[in-house]
Amino acid sequence: MKIAIIGTGNLGSSIAKGLIKNKSFSALYLSDKNTSAVNQFVDEPYVKITNSNATAVENSDVVIFALQPRHIEGVLKEVEPLITDDHVVMSVAAGFEISRIEGIIGSDKQIIRVMPNTAISIGKSMTCLSANDSGEHKLGMAKDIFNQLGTTMVIPEEQIQAATVICASGIAFWMRLVRATTQGAIQLGFEAEEAHELALQTCYGAASLLKESGRHPEAEIDRVTTPSGCTIEGLNEMEHQGLSSSLIKGINASFEKINQIKNS
């Protein structure tokens, strides 16, 4: 399969790294007006670096537009004459709906919205997928690609905005929680590197417990809280200070912002 990625910023580069790590292509075209941004890939086999979007589209079966919303419309208009009925067009642009893509390249084209996160670079992304009617039968292929780079979920397009907040912005939210735990460990007397390792591995262990056991978070919390113990004391203080409500408010604030982007 020949894949093109147009736009190689943080997300485009992360997708490229994941594809290269898993050898998920027969050829990979990386297109960016600033080719120095992808020099890290220059020696990779079967990877072609170009500043020509046209070259990338003409030589690919799947075109992934990893562009910011303000840039994707212009690029789609630029390459529209080159997109054939055989192409599968994928977009990761936040807030840029399938109907807007159809308005540029046609509703007869196979279009899939893809919402991964930056953990795709290490094969750990939570990626959500939605397709137009013409692209519905290509969702299996999209899942095959992105399941090599983490986990996928097919959802209605109207939920893509919410998924962006939970999964893409969510990476930053969880990073901030790890950082806060690290800072707490430093305050308790650990060196910075020790504190970071303690926080990181504990976070990884908590997520792994939930994923492998299938249990609800509260069930795992009950396993480590004892009557009048230090865990419940800490949990209650965090809740008194608004931990859960702050997280939920932050998620809702992000959702409101992404809807502003969508409607702009």
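Data block above holds the structure.
Residues numbered from 1 in each chain as written. Predicted model: local features only at pLDDT ≥ 70, side-chain atom pairs only at ≥ 80, totals over all residues. Heavy atoms only, no water.

Q: Would you mind going over unusual backbone geometry with me for this structure?
A: Glycine aside, the phi torsion of most residues is negative, and most peptide linkages are trans. The backbone phi angle of K23 is positive, close to 50°, even though this residue is not glycine. Mapped onto the elements, K23 comes out in the loop between α1 (10-22) and β2 (27-31). The backbone phi angle of Y46 is positive, close to 65°, even though this residue is not glycine. Mapped onto the secondary structure, Y46 falls in the loop between β2 and β3 (47-50). (Helix = DSSP H or I, 4+ residues; strand = E, 2+ residues; numbered from the N terminus.)

Q: Can you walk me through the pattern of salt bridges in this structure?
A: Opposite charge on two side chains makes pairing possible when the charged atoms of those side chains draw close. With the rule as written, the count across this model stands at 7 salt bridges. One salt bridge in this structure joins D108 and K109, with 3.5 Å as the shortest N-O distance. Here K109 falls in the buried class, since its relative accessible area comes to 9%. Measuring nitrogen to oxygen at the nearest pair gives 3.1 Å for the salt bridge that ties R223 to E220. (Salt bridge = Lys/Arg side-chain N within 4 Å of Asp/Glu carboxyl O. Buried < 20%, exposed > 50% of the residue type's maximum accessible area, 1.4 Å probe, protein only.)

Q: Sorry, what's going on with the pairing of β2 here?
A: Along any regular strand, the residues point their side chains to alternate faces of the sheet. The buried count for β2 comes to 5 of 5 residues, which makes it a mostly enclosed element. Looking at chain direction, strand β1 (residues 2-6) and β2 are connected through 5 bridges and run parallel. Of the residues in β2, the one forming a bridge with I5 is L30. Sheet topology places β2 next to β3; 4 bridges connect them, and they run parallel. Each bridged residue has a counterpart across the sheet, and for S31 the counterpart in β3 is T50. (Pairing = 2+ DSSP bridges.)

Q: Help me understand the nonpolar core in this model?
A: Generally speaking, soluble globular proteins have nonpolar side chains that are buried together. I5, L19, L28, I64, M90, I112 and F146 are the most contacted members of the largest nonpolar core, which has 29 residues in total. Only β1, α1, β2, β4 (62-65), β5 (88-91), β6 (110-115), β7 (125-131) and α5 (139-147) provide two or more residues apiece to this core. Once residues lying within four places of it in the same chain are set aside, the contact partners of I5 are G12, I15, A16, L19, L28, Y29, L30, S31, I64 and A66. (Core = buried A, V, L, I, M, F, W, Y, C linked by side-chain atoms within 4.5 Å. Contact = heavy atoms within 4.5 Å.)

Q: Help me understand the sheet that holds β3 in this model?
A: Hydrogen bonds along the backbone pair up the strands of a sheet, which may run parallel or antiparallel. With mixed pairing, the 8 strands of this open sheet are ordered in space as β3-β2-β1-β4-β5-β6-β7-β8. Each edge of the sheet is formed by a strand with only one pairing partner; in this case those strands are β3 and β8 (150-154). Taking the axes of each pair of neighbouring strands and ignoring which way they run, one obtains an average angle of 20° across the sheet. Note that β5 and β6 share 4 bridges and pair parallel. If you follow S91 over to β6, its bridge partner there is R113. Along the sheet, α1 contacts β1, β2, β3 and β4; its crossing angle with β1, the most-contacted strand, is approximately 160°. (Axes fitted to C-alpha atoms, helices over the stretch in contact; angles between N-to-C directions.)

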